Amino acid sequence: MAENNSNRRSFLTRLGAGLSMLFAFRNSHAYMPKTPDAIEGPYYPKRSDRREDIDNDLVKIEGIVTEAGGEVVTLKGVIRDDTGSPIEGLRIEIWQCDINGKYLSRRDRQRIKHDFAFQGFGHDITNAKGEYSFRTIKPGKYPGRTEHIHVKLFNGHREILTTQFYVENGPNNEGDWIYQRLSPTEADAVTMRFVDGNALPEATVNIVV
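Residues numbered from 1 in each chain as written. Predicted model: local features only at pLDDT ≥ 70, side-chain atom pairs only at ≥ 80, totals over all residues. Heavy atoms only, no water.

Visitor: Looking at this model, I keep getting lost on the nonpolar core. Mind explaining?
Guide: Note on soluble globular proteins: their nonpolar side chains tend to be buried together. Among the nonpolar cores identified, the biggest contains 30 residues, and L75, I79, I92, Y132, F165, M192 and I207 are the most heavily contacted of them. Counting only elements with at least two residues in this core, the list comes to β1 (72-80), β2 (91-95), β4 (131-137), β5 (148-155) and β6 (158-167). Sort the elements by how many residues they give to this core and β6 lands first, with 4 residues. Beyond its immediate chain neighbours, meaning those up to four positions away, I92 contacts I79, G122, H123, D124, Y132, F134, V151, K152, L153 and I207. (Core = buried A, V, L, I, M, F, W, Y, C linked by side-chain atoms within 4.5 Å. Buried < 20%, exposed > 50% of the residue type's maximum accessible area, 1.4 Å probe, protein only. Helix = DSSP H or I, 4+ residues; strand = E, 2+ residues; numbered from the N terminus. Contact = heavy atoms within 4.5 Å.)

Put into structure tokens, the structure is as follows:
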């Protein structure tokens with residue numbers, strides 16, 4: 001009987017030590033909060049809407065000499081999983097209205113002229129460091145919304161995130177129904193803060209999926 005009690009105490013001691021190590025491991029590997037999602041909106045460009053040039057430079061379309069109107073900026077960042085590890089090979093897409101407030105979509109029936117030199121939609125593939133980059137314009141105003149850029153992420157053919165980025169202190173942020181649904185922490189995660197870059201104003205928005 002004494003031997004059984006001893007074995008039981010030894011087992012409980014080992015179990016307790018194992019649980020302590022597990023809790024210590026979990027506490028030392030805090031998970032990063034994921035980037036909040038958002039609705040796709042009505043103007044995600046179908047393949048039939050897109051131009052042949054769908055690279056990560058939305059300001060210059062192949063074969064067109066003129067560049068897009070608007071303030072040209074760089075949008076960049078790193079995509080990580082919730083443990084902080086960068087993810088290589090993800091496809092990131094962005095789309096936004098041009099300087100006139102017109103989307104590259106036949107569903108946008110506003111009677112305004114589309115900036116033919118603005119690509120409107122583009123994509124990039126994350127490198128080994130999880131980095132992405134776009135050359136685009138600071139988003140223009142679309143009626144009823146604050147200034148924003150739409151974003152999608154794909155792992156292969158699987159969509160893993162749809163969200164929207166917003167300009168820091170945008171004058172219309174507080175009146176935007178989608179922006180207003182974000183908590184302060186969520187809003188901070190999808191805010192574009194433009195600073196002086198090497199050649200262009202640039203904003204860094206890191207993404208966690």
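Moving on from the coordinates now.
Visitor: I would appreciate a short explanation of the environment of Q110 in the present structure.
Guide: Looking at the secondary structure, you find Q110 in the loop between β2 and β3 (121-125). Q110 sits in the partly exposed class, given a relative accessible area of 22%. Along the backbone, Q110 and P143 are 33 residues apart, and their C-alpha atoms lie at a distance of 9.8 Å. Ignoring sequence-local partners within four residues, the contact set of Q110 consists of G101, K102, Y142 and P143. Here the side chain of Q110 touches G101 through a polar contact of 2.8 Å, landing on its backbone oxygen. (Polar contact = N/O pair within 3.5 Å; in protein donor to acceptor, adjacent residues only side chain to side chain.)

Visitor: I'm lost on the packing of aromatic side chains in this one. Help?
Guide: Note on aromatic pairs: each is described by the distance of the centres and the angle between the planes. Scanning all chains against the criterion turns up 7 aromatic pairs. For the ring pair Y103 and Y142, a centre distance of 5.4 Å and an interplane angle of 65° mean the geometry is edge-to-face. On the criterion of sequence distance, the pair formed by Y103 in the loop between β2 and β3 and Y142 in the loop between β4 and β5 is long-range, its members being 39 residues apart. Take Y103 and Y142: they sit in the same class, and that class is buried. Joined through ring pairs, the aromatic side chains of Y43, Y103 and Y142 make up one cluster. The ring of F194 has K138 sitting right over it, with the charged end atom 4.7 Å from the ring centre. One Lys or Arg, K152, reaches over the ring of Y44 and ends 5.1 Å from the middle of that ring. (Phe/Tyr/Trp six-rings, centres within 6.5 Å; stacked < 30°, edge-to-face > 60°. Lys NZ or Arg CZ within 6 Å of the ring centre and 35° of its normal.)

Visitor: Could you clarify how one ought to interpret the sheet that holds β6 in this entry?
Guide: By way of backbone hydrogen bonds, the strands of a sheet pair with one another, either parallel or antiparallel. Here we have 5 strands laid out as an open sheet, ordered β3-β2-β5-β6-β7, and mixed in their pairing. The sheet is open, and its two borders are formed by β3 and β7 (191-192), each paired with just one other strand. Across 5 bridges, β2 lies against β3 in antiparallel orientation. The partner of W95 across the bridge, within β3, is F121. (Pairing = 2+ DSSP bridges.)

Visitor: I would appreciate a short explanation of the pairing of strand β9 (residues 201-204) in the present structure.
Guide: Regular strands have side chains that alternate between both faces of the sheet. As paired strands, β1 and β9 are joined by 3 bridges and run parallel to one another. Each residue of the ladder has a partner; that of T74, found in β9, is E202. Counting the residues in the hairpin turn of strand β8 (residues 195-196) and β9 gives 4 residues.

Visitor: Explain the side chain of H148 to me, please; I cannot follow it from the model alone.
Guide: Locating H148 in the fold gives a position in strand β5. In this structure the side chain of H148 is engaged in a polar contact, spanning 3.1 Å, whose partner is the side chain of Y103. Sequence-distant contacts of H148, that is, excluding residues within four places in its chain, are made with Q96, Y103, P139, Q164, F165 and Y166.

Visitor: Would you take a moment to explain unusual backbone geometry for this structure?
Guide: With glycine set apart, most residues show a phi of negative sign, and most peptide bonds adopt trans. Despite not being glycine, N169 shows a phi value in the positive range, around 55°. Among the structural elements, N169 can be located in the loop between β6 and α2 (184-189). Of the residues examined, N169 reaches a relative accessible area of 70% and is grouped as exposed.

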